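This is what each chain is made of:
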Amino acid sequence: MIKFSKLLKQLIFSSSNKEKTKLIIDYFNNVSILEAGYTIAALTNNLKFKNIKAGSVKNLIKSKVDSTLFDLSYEYVGDLADTISLIWNRPEGVANKNYSLLEIINNLNSKNINIEKFIIDFLNNNKVDERWAFIKLLLGGFRVGVSVNFIKNTLAEYGNKNKDEIEKIWNGIKPPYLGLLKWLKGNGNYPEIKLSETFHTMMLASSFNPNKDANKINSDDYIVENKWDGIRVQILCENKSTKLFSRTGENISNSFPEVLINSKRLTVLDGELLAGKEFQPYSFGELQKRLNKKKPSKKLQTEVPIFVRLYDILFFNGIDIRNKNLIFRKEQLKKFYSEYNLFKNFDISEIINFSNFIDLQRIYNNLYNSKFIEGLMIKSKSSLYVAGRKQNLWLKWKRSPKYIDAILMYAQRGHGKRSSYYSDFTFGVYDNNKIVPIAKAYSGYTDKELISLDKFVRENTIASFGPVREVRKKLVVELAFDSMQNSNRHKSGVSLRFPRFHRIRWDKPSNETLHLREIKSEFIN
């Protein structure tokens, strides 16, 4: 455990990706293959302990320390592992006990051990750094400056392999990744996965900058499609069984039982799930009524019908065609669509004709008032289907955001680097003589602005509700957002799509902001 906690500490204090890669590779070379595998799982948040919950750990610790001191410390620090590791009063005279990472994981997975006693014993027998690493291991969320993508790049360098080879199997392998590590070390074959049960990492688009990218866009090399306001999905079908995955790889098949394809041979499709009828989309707000419903009723399915607008095909009749160009894949998609009569709950994304960039600019400008189209997708005709975001292959030209002035109402501490600052904000607008919440936002500001916002919250607090502070209603922030929909789940009656800070209006009085009825009139009608 000492090696593991030392690695985490080194990663936190390293600002260079090159240095972090070296640290992880050196660590892999100095621990067992099992420890390396479980470390990969921990750093990618794929190490789970079914019987351990954050609330239970928190309550256990509070039963052993002064609960008021714990609450005050946790409210100030904002991170459970930081709080526990620092507040724990280790008994005098207790010697260090150096548990190995494998011993800890085996104990936490064991049905024959008193987990609560093991947690207390570990905290009593270890120092601050090991205690912090242990709690992070229990609950996840290390926040040490490495992403899943970073780990994949590091593994590729460690094994001198192409990252795309790792991408193709990543979602089909499980901790402790012994097959992967043996292959990377040259001691095993390329891992086999069950293709029909595996989510295949999606291809993503880079942002399009018209000032920099306009001169390379032409109709000979690129096609253009609408970017629809739904959720990106992947459909796997084989032996007349269909699985539906979100863009993060979550299996959402049960939430949308209408999505069925009777294909015997493996086929994998990429598309956009939309609420709508007869292929005419509803707003994203309507689709939200279906999200996270594990078993939607027949009534809900009737009230909020859905369909999938297909963009691409990755596997066709059991053959992986990701290494074929986009035009070939589009032709195969049309062939599959016709062959399986997918005319009820599926249609194919239409390619938009354009002659030059001036023509494309006109098409883009006409999207401003669309309720259902987020922008344009510009795709290279020669692009293979590669996992992740590759420069200049696919580009997204998102519609310009809309803006409203809103009044800061509440603030809450953030997590990780932001745990010492009030960084999560609730905003409202006037509805007659009262202010009603309209959005939450926690991005779009600079580090310098965060310090100023935190200072404002501390100096203008009028009430506290646990970690939340209510402030004087006098600070105006201009929020950017993508769209606005009616919503009966919000007090204001509306919801904003992707609200974020645009600028802080230190100069603007709150009584000069638009009222709710004016905002609805401008953005919903």
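Each remark here, short or long, concerns the structure printed above.
Below is a short write-up of the structure.

Criteria and thresholds
- Residues numbered from 1 in each chain as written.
- Predicted model: local features only at pLDDT ≥ 70, side-chain atom pairs only at ≥ 80, totals over all residues.
- Heavy atoms only, no water.
- Helix = DSSP H or I, 4+ residues; strand = E, 2+ residues; numbered from the N terminus.
- Buried < 20%, exposed > 50% of the residue type's maximum accessible area, 1.4 Å probe, protein only.
- Contact = heavy atoms within 4.5 Å.
- Areas by Shrake-Rupley, 256 points an atom, 1.4 Å probe, with all protein chains shown as cover.
- Lys, Arg positive; Asp, Glu negative; His and termini not counted.
- Charge placed at Lys NZ, Arg CZ, Asp CG, Glu CD.
- Pairing = 2+ DSSP bridges.
- Arc of directions from axis to C-beta.
- Axes fitted to C-alpha atoms, helices over the stretch in contact; angles between N-to-C directions.
- Parallel < 35°, antiparallel > 145°, perpendicular 65-115°, else oblique.
- Nonpolar A, V, L, I, M, F, W, Y, C, P; charged D, E, K, R; others polar.
- Salt bridge = Lys/Arg side-chain N within 4 Å of Asp/Glu carboxyl O.

Helix and strand counts for the protein chain come out as 19 helices and 22 strands. The C-alpha extent of the protein chain, read off along each of the three principal axes, is 80 × 70 × 50 Å. Expressed as a percentage of the 525 residues in the protein chain, the buried residues total 52%. When contacts within the protein chain are restricted to residue pairs at least 6 apart in sequence, long-range pairs at least 24 apart make up 68% of them. Carbon and sulfur atoms make up 47% of the accessible area of the protein chain, which totals about 26700 Å². The average position of the 84 basic charges and that of the 55 acidic charges among the side chains of the protein chain differ by 3 Å.

Pairing is mixed across the open sheet formed by 4 strands, whose spatial order is β2-β13-β11-β3. Both edges of this open sheet fall to β2 (206–207) and β3 (222–228), since each of them pairs with a single strand only.

Before going further, it helps to spend a moment on helix α17 (residues 357–365). Among the residues of α17, those classed as buried are Phe357, Asp359, Leu360, Ile363 and Tyr364. What you see down the axis of α17 is that its buried residues fit within an arc of 155°, all on one side. Those residues of α17 that are buried lie in contact with α13 (210–213), β3, β11 (373–380) and β13 (394–398).

A word on the packing of helix α1 (residues 2–12) against helix α2 (residues 17–28). For the pair α1 and α2, interaxial distance at closest approach is 10 Å and the crossing angle is 170°. In terms of their interaxial angle, α1 and α2 are classed as roughly antiparallel. The residues of α2 that touch α1, namely those facing Lys3, Phe4, Leu7, Gln10 and Leu11, are Lys20, Leu23, Ile24 and Tyr27. For the contact of α1 with α2, the class distribution of residues is 6 nonpolar, 1 polar and 2 charged.

A few words on the pattern of salt bridges. Scanning the entire structure with this criterion turns up 32 salt bridges. The salt bridge partner of Asp26 is Lys22, with a shortest N-O separation of 2.8 Å. One end of the pair is Asp26 and the other is Lys22, both in helix α2 and 4 residues apart, which spans about a single turn. On the basis of relative accessible area, Asp26 is assigned to the partly exposed category, the value being 32%. Exposure remark for Lys22: the relative accessible area of 52% places this residue in the exposed category. The salt bridge partner of Lys152 is Glu167, with a shortest N-O separation of 3.0 Å. Of the two residues, Lys152 sits in helix α10 (residues 148–159) while Glu167 sits in helix α11 (residues 163–170), which places them 15 residues apart along the sequence. For the pair shown, Lys152 and Glu167 are each scored as buried.

Everything listed is a geometric property; what it means functionally is a separate question.
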